[in-house]
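# Structural overview
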Amino acid sequence: FPISLGNILEIPLPNDKEQPILGIDSHKIKAYFYNIELSVGGHQYSCYVGFSEGIIYPLFGQHGFFDHFSIMFDYQEEIIEIKPKNKIDDNRNKN
């Protein structure tokens with residue numbers, strides 16, 4: 001996620017959980033990780049999120065988002081459908 005979003009959420013960044021990650025263009029960037037609560041379609045769960053100055057748009061990853069939801073994209077109809085795979089509150093991310 002953009003570090004500016006972390007600042008808006010008043011998350012103390014940068015923090016001591018710095019890790020280098022690869023951006024979309026395969027360049028290494030610094031990310032600062034923090035556990036946050038996300039709410040998607042009324043379902044709330046914990047997620048370990050990286051915040052970085054090198055990211056402009058929030059990106060959801062395989063671990064922490066796509067492993068909790070089934071996602072269907074229909075480009076022609078301009079529909080995105082997000083459904084929880086199981087009861088999220090009982091399967092919180094333990095990071």
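Above: the structure in question.
It should be emphasised that the depicted structure is a prediction, and the values quoted were computed from it without experimental measurement. Within each chain, residues carry numbers counting from 1 in the order of the written sequence. Thresholds applied to this predicted model are a pLDDT of at least 70 for local features of residues and 80 or more for the giving and counting of side-chain atom pairs; totals over whole chains, interfaces and linings are not thresholded and use all residues. Side-chain measures here rest on the full set of heavy atoms in the structure, leaving out hydrogens and waters.

## Thoughts on the sheet that holds strand β2 (residues 28–40)
By the convention used here, strands pair only if DSSP detects at least 2 bridges between them. Helix and strand definitions follow DSSP, with helices as H or I runs of at least four residues and strands as E runs of at least two, each counted in order from the N terminus. With antiparallel pairing, the three strands of this open sheet are ordered in space as β1-β2-β3. Each edge of the open sheet is held by one strand with a lone partner, namely β1 (18–22) and β3 (43–51). If you compare each strand with its neighbour and ignore which way they point, the axes differ by 45° on average. The sheet contact formed by β1 and β2 spans five bridges and is antiparallel. What sits directly across from L22, in β2, is K28. Between N-to-C directions, angles span 0 to 180 degrees; the directions come from axes that are lines fitted to C-alpha atoms, helices contributing only their stretch in contact.

## Quick word on the packing of aromatic side chains
Only Phe, Tyr and Trp rings are paired, with Trp represented by its six-membered ring, and only when their centres lie within 6.5 Å; those with planes under 30 degrees apart are stacked, over 60 edge-to-face, the remainder tilted. Following the criterion strictly, the structure yields three aromatic pairs and no others. Seen in terms of ring centroids, F1 and F51 are 6.0 Å apart; in terms of plane orientation they differ by 90°. Their pairing is edge-to-face. Note that F1 is positioned in the segment before α1 (3–8) and F51 in strand β3, a separation of 50 residues in sequence. Under the relative-accessibility criterion, F51 is labelled buried at 0%. Relative to Y48, the ring of F33 lies with its centre 5.3 Å away and its plane at 25°, an arrangement referred to as stacked. Linking F33 in strand β2 with Y48 in strand β3, this pair joins segments that are 15 residues apart in sequence. Type-normalised accessible area, obtained with a 1.4 Å probe on protein chains alone, sets the label of each residue: buried when under 20%, exposed when over 50%, and partly exposed for intermediate values.

## Re the pattern of salt bridges
What counts as a salt bridge is simple: a side-chain nitrogen of Lys or Arg found within 4 Å of a carboxyl oxygen of Asp or Glu. A complete count under the given rule lists one salt bridge for this structure. For E81, the salt bridge goes to K83, with nearest N and O atoms at 3.3 Å. For E81, a relative accessible area of 34% gives the class partly exposed. Assessed through its relative accessible area of 47%, K83 is described here as partly exposed.

## Some points on the nonpolar core
Residues L13, I36, Y45, V49 and F51 are the most contacted members of the largest nonpolar core, which totals 14 residues. At the level of elements, β2 and β3 are the ones that each hand at least two residues to this core. Joining through side-chain atoms within 4.5 Å is the link that ties buried Ala, Val, Leu, Ile, Met, Phe, Trp, Tyr and Cys residues into a set, and such a set is a nonpolar core.

## Re unusual backbone geometry
In this structure, E10 takes a positive phi of about 60° despite not being glycine. Mapped onto the fold, E10 is located in the loop between α1 and β1. When its relative accessible area of 72% is taken as the criterion, E10 is described as exposed.

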